[in-house]
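# Structural description and commentary
If you want the building blocks of each chain, they are given just below.
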Amino acid sequence: GNPDEQELNARKEKAAALKEIAESRFSVLIGPAGTGKTTLLTILSGQDEIENNGVLLLAPTGKARVRMEEVASSNNVTAKTLAQFLSKYGRYDGNIQQYKFTDIYCEAKFETVILDESSMLTELMLATTLDCLKGVKRFILVGDHRQLPPIGAGRPFIDIINHLKPENINSEFPRVGKGYAELTIKRRQGGSNREDLQLAEWFSGEPLEPGADNVINHIMNNPNSEYLRVENWKNEDDFEKLFEEVLIEELELENIDDIASFNKTLGSIDGRYFNFGEAAKKAESWQVLSPIRDKVFGVRSLNRNIHKKFREDKVQYARSKYGKIPKPIGLEEIVYGDKIINLSNSKRYESTVFPREGSLDYIANGEIGMVIGQFKQKYHKFKGKPRNTEIEFTSQKGYK
């Protein structure tokens, strides 16, 4: 079909932003998730003149680097975390996680340097990085300026944005000025008329669009719509009952004992087995998030309750000496079929990654995966239970 007005505006905005970041010596590319920053960087780094003169993509966290690597795979781009890149020049000490200045510089030819997730940068991280690089033609700082400030001194990204931001830019379209490119049109997840996205705008710190309070009236009158559902509870017992009801309805379970259907929502094909190459595809199909650690509606208790209801059988099986899966790991008793999140950027030794060919040997903070093994098959020669707990991450499918 013909592109709608919003699609045409999104293209116009991207074209103007692309021109600005390509022609500027130093620029910022900002905008919330879903506005297409990654797409834009892929197009930019795929231009012959840019690609042939070296592109370096840096990100403070490994998860961003893994995402950037997906972008980079189609172009000839080097993607690294800041720590990985700087430690080569003595500018990052991994033992104390400290960034510092040295007299060693990166002489490699990178005419274009892109810093992703710039809202996480402290003054020291940015300064050591800028100081380390020589012969750069264009520096692009990318991020969502509405995200939380960095943990550490300064918030250089916000300061730079405020310095470059043209007067009255909020009333302009496209929002592009000298060294400044802002994407505003969300094309991901069904456009801007979804109630959940409208509600999120209230927490963005940006001036609200006219009519933004409609969503509040909408929630009051219609608390259970396609993208947003609001429930309330009075006390902790209420919460537990309510949480069970919501789980059953949202995951379409027969009842709270329907473990097989629960397993299928996490990528099990038959409701029992979690197969390599299959389960990870659905690991991120649903999440339960809470801003609190303790209390009955906090992360710990929610996880424990879900585990008790839906993994008790696996935990027992893993403990029994006849079980064909490794014994449960850690306080959480992580077991076959569990969804897990990795909490630190860490190198993986070759012997622990399968298959060897083309693997990253690296897991980033924030990557989500499924425990898919080891499940003892008839052809396995080892005695007793399997010892290795195997995980496939959604960001590195096809490796365990």
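Conventions and cut-offs
Residues numbered from 1 in each chain as written. Predicted model: local features only at pLDDT ≥ 70, side-chain atom pairs only at ≥ 80, totals over all residues. Heavy atoms only, no water. Helix = DSSP H or I, 4+ residues; strand = E, 2+ residues; numbered from the N terminus. Buried < 20%, exposed > 50% of the residue type's maximum accessible area, 1.4 Å probe, protein only. Axes fitted to C-alpha atoms, helices over the stretch in contact; angles between N-to-C directions. Parallel < 35°, antiparallel > 145°, perpendicular 65-115°, else oblique. Left-handed = near helix turned anticlockwise from the far one by under 90°. Contact = heavy atoms within 4.5 Å. Nonpolar A, V, L, I, M, F, W, Y, C, P; charged D, E, K, R; others polar. Pairing = 2+ DSSP bridges. Phe/Tyr/Trp six-rings, centres within 6.5 Å; stacked < 30°, edge-to-face > 60°. Lys NZ or Arg CZ within 6 Å of the ring centre and 35° of its normal. Core = buried A, V, L, I, M, F, W, Y, C linked by side-chain atoms within 4.5 Å. Lys, Arg positive; Asp, Glu negative; His and termini not counted. Salt bridge = Lys/Arg side-chain N within 4 Å of Asp/Glu carboxyl O.

Here the focus is the side chain of Glu 367. Looking at where Glu 367 falls in the secondary structure, it is placed in the loop between strand 12 (362-363) and strand 13 (368-373). Look at Glu 367 and you get buried, because its relative accessible area is 1%.

Once that is clear, we can look at the packing of helix 10 (residues 236-250) against helix 12 (residues 299-319). At a minimum axis separation of 12 Å, helix 10 and helix 12 run at an interaxial angle of 60°. Between helix 10 and helix 12, the angle is such that the two are oblique. Crossing handedness for the pair helix 10 and helix 12: right-handed. Residues Phe 239, Glu 240, Phe 243, Glu 244 and Leu 247 of helix 10 form the contact with helix 12, whose participating residues are Leu 302, Asn 305, Ile 306, Lys 309 and Phe 310. A class-by-class count of the residues in the contact of helix 10 with helix 12 yields six nonpolar, one polar and three charged.

So, about the environment of Leu 199. Within the secondary structure, Leu 199 is located in helix 8 (residues 195-201). Linking Leu 199 and Asn 214, residues 15 residues apart in sequence, is a C-alpha distance of 9.6 Å. With sequence-adjacent residues up to four places away left out, Leu 199 is seen in contact with Val 215, Ile 216, Ile 219 and Leu 228.

Right, let's talk about the sheet that holds strand 8 (residues 175-177) for a bit. Taking strand neighbours across the sheet as the criterion, the seven strands line up as 3-2-6-7-1-9-8 in an open arrangement whose pairing is mixed. Both edges of this open sheet fall to strand 3 (78-81) and strand 8, since each of them pairs with a single strand only. Across this sheet, the average inter-strand angle for adjacent strands is 15°, counted without regard to direction. As paired strands, strand 2 (residues 55-59) and strand 3 are joined by four bridges and run parallel to one another. Directly across from Leu 57, in strand 3, lies its bridge partner Ala 79. Here helix 7 (residues 156-164) sits on the sheet in contact with strand 1 (26-30), strand 7 (138-143) and strand 9 (180-182), set at roughly 105° to strand 1.

Let us look at the pairing of strand 7. Within strand 7, six of the six residues are buried, which leaves the element mostly enclosed by the surrounding structure. Residues of strand 7 alternate between two faces, with Arg 138, Ile 140 and Val 142 on one and Phe 139, Leu 141 and Gly 143 on the opposite face, all of them buried. Judged from the five bridges that link them, strand 1 and strand 7 form a sheet pairing that is parallel. Paired with Leu 29 across the two strands is Val 142, which belongs to strand 7.

A separate point is the packing of aromatic side chains. The tally for this structure, following the rule as stated, stands at twelve aromatic pairs. Taking 4.7 Å as the distance between ring centres and 55° as the angle between the ring planes, the aromatic pair formed by Tyr 92 and Tyr 99 counts as tilted. For Tyr 92, a relative accessible area of 16% puts it in the buried group. Exposure remark for Tyr 99: the relative accessible area of 14% places this residue in the buried category. When the centroid spacing of 5.4 Å and the interplanar angle of 80° are considered together, the rings of Tyr 273 and Phe 375 count as edge-to-face. Residue Tyr 273 is located in the loop between helix 11 (259-265) and helix 12, and its partner Phe 375 is located in the loop between strand 13 and strand 14 (390-393); the two are separated by 102 residues in the primary sequence. What makes Tyr 273 partly exposed here is its relative accessible area of 28%. One aromatic cluster is present, built from ring pairs that chain together Trp 233, Phe 239, Phe 243 and Phe 297. The lysine or arginine in question, Lys 339, covers the ring of Trp 286, its NZ or CZ lying 5.8 Å from the ring centre. Directly above the ring of Phe 276 sits Lys 400, whose terminal nitrogen or CZ lies 4.6 Å from the centroid.

Counting 27 residues, the largest nonpolar core has Val 28, Leu 82, Phe 85, Val 113 and Leu 133 as the members making the most contacts within it. Among the secondary structure elements, those contributing two or more residues to this core are strand 1, strand 2, helix 5 (82-87), strand 6 (112-115), helix 6 (123-132), strand 7 and helix 7. Excluding residues that lie within four positions of it along the chain, Val 113 makes contacts with Leu 56, Leu 58, Leu 133, Val 136, Arg 138, Phe 139 and Ile 140. Within the second largest apolar cluster, 25 residues are counted, among which are Phe 262, Ala 283, Val 315 and Met 370.

Inspection of the secondary structure puts Lys 14 in helix 1 (residues 5-23). Within the buried set, Lys 14 has no salt-bridge partner at all; the shortest N-O distance to an opposite charge, 6.2 Å, is to Glu 13.

What follows is about the packing of helix 1 against helix 2 (residues 37-46). Between helix 1 and helix 2, the least distance of the axes is 10 Å, while the angle of their chain directions is 50°. The orientation of helix 1 with respect to helix 2, classified from their angle, is oblique. Crossing of helix 1 over helix 2 shows right-handed handedness. Listed contacts from helix 2 to Lys 14, Ala 17, Leu 18, Ile 21 and Ala 22 of helix 1 are Leu 40, Leu 41, Ile 43 and Leu 44. Here the residues of the contact of helix 1 with helix 2 are counted per class, giving eight nonpolar, no polar and one charged.

So, about the sheet that holds strand 13. Read from one edge to the other, the open sheet built from three strands follows the order 10-13-14, with strand pairing classed as antiparallel. Where the open sheet ends on each side, the last strands, each with one partner, are strand 10 (339-341) and strand 14. On average, each strand axis in the sheet is inclined to that of its neighbour by 40°, with strand direction left out of account. In terms of strand pairing, strand 13 meets strand 14 through four bridges, oriented antiparallel. The partner of Val 371 across the bridge, within strand 14, is Ile 391.

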